[in-house]
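Chain by chain, the residues run as shown.
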Amino acid sequence: QQHSVTRLLVDLSGNPGGFVDLAYLFVRALHPLLQFSEVCNEYDRPAGSLFEVWTQVNVTPLAIFLNSTKEAKKRMESLTPEKQEHLIKILHGVTKACISMDVLSYDDY
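These lines cover the structure that appears in this document, whether it is placed above or below. Because the structure is predicted, anything quoted here is derived from the model rather than measured. (Residues numbered from 1 in each chain as written. Predicted model: local features only at pLDDT ≥ 70, side-chain atom pairs only at ≥ 80, totals over all residues. Heavy atoms only, no water.)

With that settled, the discussion passes to the overall build of the protein chain. Tallying secondary structure elements over the protein chain gives six helices and zero strands in all. Counting from the amino terminus, the protein chain carries its helices and strands in the arrangement α-α-α-α-α-α. Sequence-distant contacts in the protein chain: of pairs separated by 6 or more residues, those separated by 24 or more amount to 30%. As displayed, the protein chain has an accessible area near 9500 Å², and 58% of this comes from carbon and sulfur atoms. (Helix = DSSP H or I, 4+ residues; strand = E, 2+ residues; numbered from the N terminus. Contact = heavy atoms within 4.5 Å. Areas by Shrake-Rupley, 256 points an atom, 1.4 Å probe, with all protein chains shown as cover.)

For the rest of this paragraph, the subject is helix H6 (residues 81–100). With 20 residues, H6 extends 29 Å between its outermost C-alpha atoms, agreeing within 8% with the 28 Å of an ideal straight helix rising 1.5 Å per residue. Of all the positions in H6, only Thr95, Ala97, Cys98 and Ile99 are classed as buried. (Expected span 1.5 Å × (residues − 1). Buried < 20%, exposed > 50% of the residue type's maximum accessible area, 1.4 Å probe, protein only.)

Relative to the assigned elements, threonine 95 resides in helix H6. A polar contact of 2.7 Å, which involves the side chain of threonine 95, links it to the backbone oxygen of leucine 91. (Polar contact = N/O pair within 3.5 Å; in protein donor to acceptor, adjacent residues only side chain to side chain.)

Turning to a nonpolar patch on the surface, a few remarks are in order. A contiguous nonpolar surface patch, about 520 Å² in accessible area, is contributed by Leu8, Val10, Leu12, Phe26, Val27 and Leu30. As for its position among the elements, valine 27 is in helix H1 (residues 20–30). Accessibility expressed as a relative area gives 32% for valine 27, which makes it partly exposed. (Patch = residues over 30% accessible without salt bridge, like charges linked within 9 Å, V, L, I, M, F, W, Y side chains within 5 Å. Salt bridge = Lys/Arg side-chain N within 4 Å of Asp/Glu carboxyl O.)

Right, here's the structure in full:
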């Protein structure tokens, strides 16, 4: 818009194809504010029930907690060592799931 550009021509000649994920990344680079579900084609890359549930979750309290070292330390100190280990395993699992759904990137992790 700043340069009065209204069209974009993407030359894919010589592209052997086969990497649909790269196409989604390209679209997301052009439109970073689009939600994953708006970019994803349900036939090429199904979002699945986990993603559908995740979109309904209010993540604000979780984000506040995870971004507060003080709150995280306080919570961990209140747990037994066994429960601490269990919580760490759960957080690793959630993180991997979020990365696989493009809800979180390795840069955020």
